[in-house]
Amino acid sequence: TGVAAVHCLEGAPVWEWTDGSDWAPPLLEHALRRSDTVKPGRPRDNCSEPILFLLEYGSGLQGACYILNGHLSDRGFAARVEGVADPVSTQVYAQNVRPFGHHAGTVHYIEELVLTGTAAWPPQRTLLTTGTLEALMDSSYEGNVRLETPHLKVAYDPPPGSRFQGEPPPLEDEVPL
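As for the overall build of the chain
Right, so step 1: What the chain contains, in helices and strands, is five helices and six strands.
Right, so step 2: In the chain, the order of α-helices and β-strands from amino to carboxyl end is β-α-α-α-β-β-β-β-α-α-β.
Right, so step 3: A sequence separation of at least 24 residues applies to 72% of the contacts in the chain between residues at least 6 apart.
Right, so step 4: In the chain, 12 positive and 23 negative side-chain charges are present, and the distance between their average locations comes to 3 Å.

What follows is the structure, given as structure tokens:
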């Protein structure tokens, strides 16, 4: 259904918005429980420069993406799913040392595109991700204002099947970056 509006918050307004939300705190907590790198204590005590990306989709769905450097260094996701009592959550794996195996799936799909001439996902997906990030950067630059994004009223149906990277990550190099 596309992205109707975005808003980037930085610093203390991140916690002010969070404290006023009924849905974000429990989802943030669920996502943080999946982390292997979360520090003891509260995010607001460990993260001196929090950033929050707020997304409003055309369907009415709302999303929040926290950047909490200093509190954790991995990534997680949590959501409420219709018909499921408790939130669902997962850790998003990233291999932060060479050979950066989390990019292997992307490389695989680039190779498939070159070999077959068929993209693994619709170009609308790339438009939405890059356009949304661009709008969030504009929100930050313009003083952390909410921005309507009519140019991101782009709908698409995802292709059938999973794009999950199911193979184990390659072994880490012995020499860190």
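Re helix 1 (residues 12–20)
Right, so step 1: Along helix 1, the residues that are buried comprise Val 14, Trp 15 and Thr 18. What you see down the axis of helix 1 is that its buried residues fit within an arc of 90 degrees, all on one side. Exposed residues on helix 1 whose side chains face more than 90 degrees from its buried face are Glu 16 and Gly 20.
Right, so step 2: Looking at the packing, one finds that the buried side of helix 1 touches strand 1 (3–10), helix 2 (24–33), helix 3 (43–46), strand 2 (51–57) and strand 3 (62–67).

Reading the values: rules and limits
Residues numbered from 1 in each chain as written. Predicted model: local features only at pLDDT ≥ 70, side-chain atom pairs only at ≥ 80, totals over all residues. Heavy atoms only, no water. Helix = DSSP H or I, 4+ residues; strand = E, 2+ residues; numbered from the N terminus. Contact = heavy atoms within 4.5 Å. Lys, Arg positive; Asp, Glu negative; His and termini not counted. Charge placed at Lys NZ, Arg CZ, Asp CG, Glu CD. Buried < 20%, exposed > 50% of the residue type's maximum accessible area, 1.4 Å probe, protein only. Arc of directions from axis to C-beta.

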